[in-house]
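# Topology and contacts: notes
Here is how the chains run, residue by residue.
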Amino acid sequence: MWIPTEHEKYGVVIASFRGTVPYGLSLEIGDTVQILEKCDGWYRGFALKNPNIKGIFPSSYVHLKNACVKNKGQFEMVIPTEDSVITEMTSTLRDWGTMWKQLYVRNEGDLFHRLWHIMNEILDLRRQVLVGHLTHDRMKDVKRHITARLDWGNEQLGLDLVPRKEYAMVDPEDISITELYRLMEHRHRKKDTPVQASSHHLFVQMKSLMCSNLGEELEVIFSLFDSKENRPISERFFLRLNRNGLPKAPDKPERQCSLFVDLGSSELRRDIYITVHIIRIGRMGAGEKKNACSVQYRRPFGCAVLSIADLLTGETKDDLILKVYMCNTESEWYQIHENIIKKLNARYNLTGSNAGLAVSLQLLHGDIEQIRREYSSVFSHGVSITRKLGFSNIIMPGEMRNDLYITIERGEFEKGGKSVARNVEVTMFIVESSGQTLKDFISFGSGEPPASEYHSFVLYHNNSPRWSELLKLPIPVDKFRGAHIRFEFRHCSTKEKGEKKLFGFSFVPLMQEDGRTLPDGTHELIVHKCEENTNLQDTTRYLKLPFSKGILLGNNNQAMKATKESFWITSFLCSTKLTQNGDMLDLLKWRTHPDKITGCLSKLKEIDGSEIVKFLQDTLDTLFGILDENSQKYGSKVFDSLVHIINLLQDSKFHHFKPVMDTYIESHFAGALAYRDLIKVLKWYVDRITEAERQEHIQEVLKAQEYIFKYIVQSRRLFSLATGGQNEEEFRRCIQELLMSVRFFLSQESKGSGALSQSQAVFLSSFPAVYSELLKLFDVREVANLVQDTLGSLPTIVHVDDALQAVKLQCISKTVESQLYTNPDSRYILLPVVLHHLHMHLQEQKDLIMCARILSNVFCLIKKNSSEKSVLEEIDVIVASLLDILLRTILEITSRPQPSGSTMRLQFQDVTGEFVACLLSLLRQMTDRHYQQLLDSFNTKEELRDFLLQIFTVFRILIRPEMFPKDWTVMRLVANNVIITTVLYLSDALRKNFLNENFDYKIWDSYFYLAVIFINQLCLQLEMFTPSKKKKVLEKYGDMRVTMGCEIFSMWQNLGEHKLHFIPALIGPFLEVTLIPQPDLRNVMIPIFHDMMDWEQRRSGNFKQVEAKLIDKLDSLMSEGKGDETYRELFNSILLKKIERETWRESGVSLIATVTRLMERLLDYRDCMKMGEVDGKKIGCTVSLLNFYKTELNKEEMYIRYIHKLYDLHLKAQNFTEAAYTLLLYDELLEWSDRPLREFLTYPMQTEWQRKEHLHLAIIQNFDRGKCWENGIILCRKIAEQYESYYDYRNLSKMRMMEASLYDKIMDQQRLEPEFFRVGFYGKKFPFFLRNKEFVCRGHDYERLEAFQQRMLNEFPHAIAMQHANQPDETIFQAEAQYLQIYAVTPIPDSQEVLQREGVPDNIKSFYKVNHIWKFRYDRPFHKGTKDKENEFKSLWVERTSLYLVQSLPGISRWFEVEKREVVEMSPLENATEVLENKNQQLKTLISQCQTRQMQNINPLTMCLNGVIDAAVNGGVSRYQEAFFVKEYILSHPEDGEKIARLRELMLEQAQILEFGLAVHEKFVPQDMRPLHKKLVDQFFVMKSSLGIQEFSACIQASPVHFPNGSPRVCRNSAPASMSPDGTRVIPRRSPLSYPAVNRYSSSSLSSQASAEVSNITGQSESSDEVFNMQPSPSTSSLSSTHSASPNVTSSAPSSARASPLLSDKHKHSRENSCLSPRERPCSAIYPTPVEPSQRLLFNHIGDGALPRSDPNLSAPEKAVNPTPSSWSLDSGKEAKNMSDASPARHTTSVSPSPAGRSPLKGSMQSFTPSPVEYHSPGLISNSPVLSGSYSSGISSLSRCSTSETSGFENQVNEQSVAPGSGSGHSGSEELVRKESKTPPPYSVYERTLRRPVPLPHSLSIPITAEPPALPPKPLAARSGHLENGTRRTDPGPRPRPLPRKVSQL
């Protein structure tokens, strides 16, 4: 039975549980679980990470932990009772764990490893805490380390700052908001600005001395030297080195390294140096022999110096090598370091080039205890401490020091009867009064133990030696009295014995007879001469002698012989027990000299402060002893002395002695009567303040009032204890009178000088310290009243001294912080006066920082939820006094411009934040009663209105992201909670006071605006939080967005008819709110849109405004990442449900559908844009959205914006042709007018003409880069026409040159023909713009089917490729998946005119094969009926699928949707006819290319001839005869008579072509291929006989024909084009180009390429399978040869090469080409020379009578009409040779185009003027046998094939035109031929006029990447902006302007 648990409530999983049992809960190790019930070893509960899933788990898998339960029952909450730091660590590490893995995924290796290291450290520290064996101090230290690491990790990961108090997390609900703000700010400031340490320490470690001439032991002495004051500032660090230059005691680290401690910040200067003096221990001369002398001397060796500035960078200096300089002149040794510092080191030698002193240095910051903690390893190994000379900057009480520093300065000695100067050595001893030498009290420096005697170094032959050696004598105090120092002087002999002979001595006593020590300073000592063997052990013999020359002069000038010799020392005492000051001793011994008391008290101020604090207790006892002795006489003097000592302790140097005085007052002070005198004197001073001229002394008294009151209070307490509380009333009266005097002096205004105000300021600064003393004797209320009266007496006028105002606020601040204010009783008394002064300052906006601090302290004491009556009353007072001024202050300081400078800005932010925290604290404390009182306090509605507007504005400011730092989420949530609570209170006032007749739009608008930005705050978007953080926020505050959303809805419903004021203004804000992914919020807010539609419908009969605003805002909001598919569905369903019963339901449904469809497109667009690379999906999606804005929404500005987004995508993907077409969309919206256009997107303000010109140039440039030069030519002509109309000949010239360069590029540069692919997107998982649609896509260069298929699968990684070409069924359409069906299709050009024309170069034809394509074809062969195994052709049918696009390719996208598909079946006979037509066409092309020398080798022709003849001989063509020419077929298919006749004609025509081809082949075949040629000829005759052909003339009626150059020519009346005798194309001078057919429909489309039947042109073998195989023909070009599809997708059989199927004339112009979609206005094609009607008629006639053409769109009978075969002739070899020699080969430049620069304008171009009278040859007619056939372009030119084989494809993006005359000129005779034959120009401009255009805006100036022509300003002449309406015009007059239309101002 399951029983609810009582104590087992919380546990941690210690082993993973899979939960495989029924109702089992899956758990992982480390999960925390909450337990609900238990039963027989099982628990039921849930994991805290997922509380929604409950289940059972074994109790043995869980380790139970102590926890407390809140809200017992169904919704109980369990809180673990462990240490809060442990709880925080656990939850934080869980959050970090997830993020840590993400760091690895994002490849942020550095942070990944650092965080891993920190996490391990935290886990180790956590174990230490959990074990619980730590001491209190250690536990504190561990927690400090833990929180530091947690904060570091949170900062690195961008998590929230955690407010902490004593290392534990703080619940914001448990403290006031001001305190929370301070905690946050403290942690933030700590993070940003590290505190500067005031104390610094230098760590020095000696490594070694590197020198070549060592061999003796050395002493190394380090010290710090101040070069500015020329004195050492530290003691010495003394180190001994062995003969190798290494430390002598390596086992004692403290002897090798030292810490120079207590360096102040002022001592970290560039002029502080580390000096190193090196003394050698050895012989007198460094080069003496070893046996010369056995005595060791200390001798100078060298010196090194280093500036401490090198260490100020903070880097550790390891293994520094200091240069060591040797002293050449020993007399200068004492100042060698100064000379090196002064750069006078030229006089010294270095010890060696590689020599130096190796040391390690490091500068440490912080107090010594902190250093000990942080660098424990240094101290654990041992380090010597080197102090500063004298006391440190701060003297600590209890510090015991008694150090006497002696510097051995110099001596003056006589020669002593010798010829040379002496070698003097000084020996020093400390001798006590008993005559015994004191042992071990001479310290050479830290690092070396003290010694008993000292030997100076010896300077060679110097009677005036200067040593300057510093020694420290740490002599105990008790040894000082009677002790003296003796100096003995010896001459050191350099002879063999090395004797040291004593010749004199000096001495100096350490203490004088009166008890004073040896004064600091330099002393000149007398050198007493003595004999070598004199015994100085008996001190009585010399102590009576004078010791100093200063003493000697004072002793009656007693003559002494030894006065010529002197010895100088400098002494300096650093003692906390001894004094050198006589006045101090006189004061302490005042009882022995009562007459000197007045003088001693006067001299006290002159005594050094350090002397006073050393004897502080004795001095104070003396003063109060004197006061008790005679208070009348000495009262004032003692008071002044006491004031001096008290103020002395204010000095930072002696600040730490205040506790000493406090201890003295508490424990040692015994002046029970002193309070009377102290009060009397203090009152006397206060009463004199207003009259005294000099205030300095009075100010000193006021400054000391804290301790004076302490003495008064303690004295009174002692008196009360002694007397049982006598004279209490008298004492109270005295205090009252004293404070009355104070109030009087405070209330006085300063007149003239500011001395009085300064005194007032001094009093106020120290007055708050008195409160705690008064509380010891008086009741809290009494003290509060006294303080209130005192503070209330301050002058309230504002123009008083600013300094006094600041001090006054500081006084109030200290009052609020004092113990007095914490008591509720006294607080209620003091609060009014505090608020009064605050109000005054805030009103003037002065001292805001201090005001904020005071307010913060006021609110810190008012805890949240404190329902005490006193607190509620305080809130009443504060609200009445400060709320209004607080709001104004926040508005004022936030509206100011932020000051520059980081410090100022920091203060600005601090003060703003503190005021905000104060306001939030106040609002959080306010209850219903407070709000009601506040609202009732407004007398008029205007006042209430102003207040509400003010508070709403302040709330909007508080919500700003910059109000608090980014990681202060805790603070933001608290602020939001207060704001929403306040808004809920105030909304009621809004409803009651500002509705109906009192409606106020401004206040309601402010309310709604506040609510919207509140909901949209980033810190409230819980979806972005981690699960644990989201759970905490929801538990504490709930989802505040939903609360505010419900409030908005409620307020909106209350508006009634006033809602119309907010339509459409609030649509955007409300829409933004509904896009937040919170279901409850959406359900509440979306119905408001129905309400808006309803009210708008009532007002205007429609809701156009609502629709327009919704659409405008949706685009901007969704592009920011807001909204999702769920929102779209919810929006649709909620609103459709709401409008079901409305009368305007239909229009409502339409609006909702439109908005929903827009959302679909916007969501798809946003999803696509998230991809990294530009792909077809992005472009297709943009096209879809662009067309939606144009066609369905008619939003021209959005339409233009997306045009440019699409343009940018194309440029990024290098789709330059598509980019040009895209930009054309905008260009077409503009006119050639002078209308000014505003600045838009990247375009400046300019005229419409200028913008259109820029667009034209950008489009031309992109067409050029996309190698779509024909389209560029059209635009060149258009813009040239404009230049011409303005007589802007300079730009006109440039444009014509550009046009010419484009013509050159057409002829000279290679263009790749793209392949086309049909793609079907099936399944519901595709974006809506692709779903269940089929597209044709234009492939990239060199892209074949396999590559395209792989690219599509990469773009749609979840798609499945379908392996068949059949149409899918409905199950595929409805599947929840993605299916792709891809196969290659063949483009069918719209117009066959250029492609069928003879002599047109392939460079030109190739453009028309793959551009402006609307129709594509795909053939699938199949057998119908019974398959004849002997002859498969009988049953081989072809299923031909034709696809029609919504827009021609290329266009604004690489793919367009299929609009219509047609499927027809071709019979076997039609199939055979088409195969033969295609093969004949291919043969003609190859023969022509070979004849005109376009081929570099003859192999393609050889292979093609071989394929056809071999197949025919082996049964290829004969199979057709067997199938279709037999009697059975003819009888059973009587309707196919014409088709059979046509097939026979083609077979005979093929024979003619083969015969001519063999003749041409014979002329060009190389010698090694002659046998093959002979074989071909033999097989050809076999083929003829098999066909039953004997003589061609008998079968075919001959036609007149001529073959100039031995090439087949078509006569003028049987072919659409003519050839000049030299074989050159005839081009008219200005042939009009057809503008690209750019019908941009509203839906996106796809393009594809690649013929499925390119390879079907191969010859036929006996097996019919060979006819339909997919292998490329050897005669096709390398481009077209690979245009094959995979067998799974395509299986085209007898289809022609791409571009070979031609349209008949009746279909020729069925599609009109235009730059605009059929829905848009027509685009004019510009050509100045219209074609006459007569020419048009003649052209049509000629077209109809042209050679038979193969057109897949025509039936066989249509193809058979007018079969007028031209004649072919075989000329004689000689004739052919002559003619071919006479004319150059055609288009040799097309084989290897010459690359050039990018700019089409920079090449020099020759003018081209065709002559109208140039020679034209009529050609020759021969009698050779003729063949029937027509000459048109085959599948691809041979020149392209050979190019690909030899030089590769030219794929440069931009190429310049070739050099002048390189194949670009055309003869004038061609023009005559053109005119005579009435042949239309090779390009024709079509125009689409069927649909009315949709006017759209204009504004584009795209920067041209290639260099555009520099166009001069256009002339001001009137422009004839007429456009041409077609290519064929009957009237050559002026072009009419298009109809007027709406043009956008964009």
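Above this text sits the structure in question.
Presented here is a report on the structure given in the accompanying data block. Since we're looking at a predicted model, the values are computed, not measured.

## Overview of the overall build of the chain
- Looking only at helices and strands, the chain has 66 helices and 41 strands in total.
- Buried positions account for 56% of the 1946 residues belonging to the chain.
- Long-range pairs, those at least 24 residues apart, make up 76% of the contacts in the chain with a sequence separation of at least 6.

## Concerning unusual backbone geometry
- Of note, the bond from isoleucine 1063 into proline 1064 is cis; its omega dihedral lies within 30 degrees of zero at 10 degrees.
- Checked against the element boundaries, proline 1064 lands in the loop between α35 (1040-1055) and α36 (1067-1074).
- The phi torsion at asparagine 727 lies on the positive side, around 55 degrees, for a residue other than glycine.
- Its place among the elements puts asparagine 727 in the loop between α19 (705-723) and α20 (728-747).

## Comments concerning the nonpolar core
- Residues Tyr711, Phe915, Trp1004, Phe1008 and Phe1070 are the most contacted members of the largest nonpolar core, which totals 312 residues.
- Non-local contacts of phenylalanine 915, meaning those with residues more than four positions away in its chain, are made with Leu842, Leu848, Cys851, Ala852, Leu855, Leu886, Thr889, Ile890 and Ile893.
- Counting 57 residues, the second-largest nonpolar core is a separate cluster that includes Phe489, Leu502, Phe505 and Tyr542.

## Things to note about helix α27 (residues 848-860)
- Between the first and last C-alpha of α27 there are 18 Å, a value that for 13 residues agrees with the 18 Å anticipated at 1.5 Å per step.
- With 11 of 13 residues buried, α27 is to be regarded as a mostly interior element.

## Focus: the side chain of arginine 280
- On the secondary structure map, arginine 280 appears in strand β16 (residues 272-282).
- From its side chain, arginine 280 meets the backbone oxygen of methionine 284 in a polar contact 3.0 Å long.

## Here's the deal with the sheet that holds strand β26 (residues 466-473)
- Taken in spatial order, the 4 strands line up as β26-β23-β31-β29 in an open sheet, and their pairing is antiparallel. Each edge of the sheet is formed by a strand with only one pairing partner; in this case those strands are β26 and β29 (521-526). Strand-to-strand, the axes of this sheet are offset by a mean angle of 25 degrees, without reference to chain direction.
- Here β29 pairs with strand β31 (residues 566-575) via 6 bridges, running antiparallel. Looking at β31, one finds that threonine 522 is bridged to threonine 570.

## Overview of the sheet that holds strand β30 (residues 528-529)
- With antiparallel pairing, 5 strands are arranged side by side in an open sheet as β25-β24-β27-β28-β30. Edge positions in the sheet fall to β25 (453-455) and β30, since each of these pairs with one other strand and no more.
- Examined bridge by bridge, strand β24 (residues 424-431) and β25 share 3 bridges and lie antiparallel to one another. What sits directly across from methionine 428, in β25, is tyrosine 454.

## Concerning the packing of aromatic side chains
- Overall, the coordinates contain 70 aromatic pairs when judged by the stated rule.
- Plain terms: the ring middles of phenylalanine 1008 and phenylalanine 1062 are 5.5 Å apart, the flat faces sit at 75 degrees to each other, and that makes the pair edge-to-face. Of this pair, phenylalanine 1008 sits in helix α33 (residues 1001-1015) while phenylalanine 1062 is found in the loop between α35 and α36, placing the two residues 54 residues apart along the sequence.
- Their ring planes at 80 degrees and their centres at 5.7 Å tell us that phenylalanine 1321 and tryptophan 1455 sit as a pair that is edge-to-face. Residue phenylalanine 1321 is located in strand β34 (residues 1316-1322), and its partner tryptophan 1455 is located in strand β40 (residues 1455-1466); the two are separated by 134 residues in the primary sequence. Of the two residues, phenylalanine 1321 and tryptophan 1455, both sit in the buried class.

## Looking at the environment of glycine 1038
- You can see glycine 1038 is positioned in the loop between α34 (1027-1037) and α35.
- Accessibility expressed as a relative area gives 22% for glycine 1038, which makes it partly exposed.
- In this structure the C-alpha to C-alpha distance between glycine 1038 and asparagine 977, which are 61 residues apart in sequence, comes to 9.7 Å.

## Focus: the pattern of salt bridges
- The final tally for this structure, using the stated rule, is 95 salt bridges.
- Arginine 991 is the partner of glutamate 1047 in a salt bridge, and the nearest nitrogen-oxygen pair spans 3.9 Å. Placement of glutamate 1047 in helix α35 and of arginine 991 in helix α32 (residues 969-993) is noted, with a sequence separation of 56 residues between them.
- Classification of arginine 991 as partly exposed rests on a relative accessible area of 23%.
- Each of Glu219, Arg236, Arg240, Arg298, Glu448 and Glu469 takes part in one network of salt bridges that share partners.

## Section: the pairing of β26
- Most of β26 sits inside the fold, with 6 of its 8 residues counted as buried.
- Here 6 bridges tie strand β23 (residues 402-412) to β26, and the two strands are oriented antiparallel to one another. Bridge pairing links tyrosine 405 to lysine 472 in β26.

## Structural notes on the side chain of glutamine 1521
- Considering the arrangement of structural elements, one finds glutamine 1521 in helix α54 (residues 1516-1524).
- Those residues in contact with glutamine 1521, other than ones at most four positions away along the chain, are Val1526, Arg1544, Met1547, Ser1586 and Leu1587.

## Concerning the packing of helix α52 (residues 1468-1491) against helix α56 (residues 1537-1564)
- Between α52 and α56, the least distance of the axes is 9 Å, while the angle of their chain directions is 20 degrees. Considering the angle they form, α52 stands roughly parallel to α56. For the pair α52 and α56, the crossing hand works out as left-handed.
- Per-class residue counts for the contact of α52 with α56 are 15 nonpolar, 5 polar and 8 charged.

## What to know about the pairing of strand β8 (residues 77-80)
- Of the two faces of β8, the one holding Val78 and Pro80 is buried and the one holding Met77 and Ile79 is not buried anywhere.
- Pairing analysis gives 4 bridges linking strand β7 (residues 67-70) to β8, with the strands arranged antiparallel. Bridge pairing in β8 links valine 69 to valine 78.

What counts and what doesn't
Position labels on residues start from 1 in each chain and follow its written sequence. Reporting in this predicted model follows two pLDDT cut-offs: at least 70 for local features of residues, and 80 or more for side-chain atom pairs to be given and counted; totals over whole chains, interfaces and linings ignore these cut-offs and use all residues. Think of the side-chain values as coming from all heavy atoms in the structure, minus any hydrogens and water. Secondary structure follows DSSP: runs of H or I at least 4 residues long count as helices, runs of E at least 2 residues long count as strands, and numbering of each begins at the N terminus. Exposure is judged per residue with a 1.4 Å probe applied to protein chains only, and the accessible area is read against the type maximum: over 50% gives exposed, under 20% gives buried, and values in between give partly exposed. In this analysis, two residues are considered to be in contact whenever any of their non-hydrogen atoms come within 4.5 Å of each other. Definition of nonpolar core: a set of buried residues of the types Ala, Val, Leu, Ile, Met, Phe, Trp, Tyr and Cys, connected through side-chain atoms within 4.5 Å. Helices are assigned an expected span. That span is 1.5 Å times one less than the residue count. Any N or O atom pair separated by 3.5 Å or less is treated as a polar contact, with the protein-specific requirement of one donor-capable and one acceptor-capable atom, and with residues adjacent in sequence counted only for side-chain atom pairs. Pairing between strands is defined by DSSP: at least two bridges between the two strands are required. To obtain each axis, a line is fitted to C-alpha atoms, and for helices this fit is confined to the stretch in contact; angles are then taken between N-to-C directions over 0 to 180 degrees. Planes of paired rings set the category: under 30 degrees apart is stacked, over 60 is edge-to-face and the rest tilted, where pairs are Phe, Tyr or Trp rings (Trp by its six-membered ring) whose centres lie within 6.5 Å. Each reported salt bridge corresponds to a side-chain nitrogen of Lys or Arg within 4 Å of a carboxyl oxygen of Asp or Glu. Throughout this description, any angle smaller than 35 degrees is read as roughly parallel, any larger than 145 degrees as roughly antiparallel, any in the 65 to 115 degree range as roughly perpendicular, and the remainder as oblique. Left-handed describes a crossing in which the near helix is turned anticlockwise from the far one by less than a right angle; the clockwise case is right-handed. Three categories are distinguished: nonpolar for Ala, Val, Leu, Ile, Met, Phe, Trp, Tyr, Cys and Pro, charged for Asp, Glu, Lys and Arg, and polar for the others, with Gly belonging to the last.

Any functional reading would require information that these geometric values do not contain.
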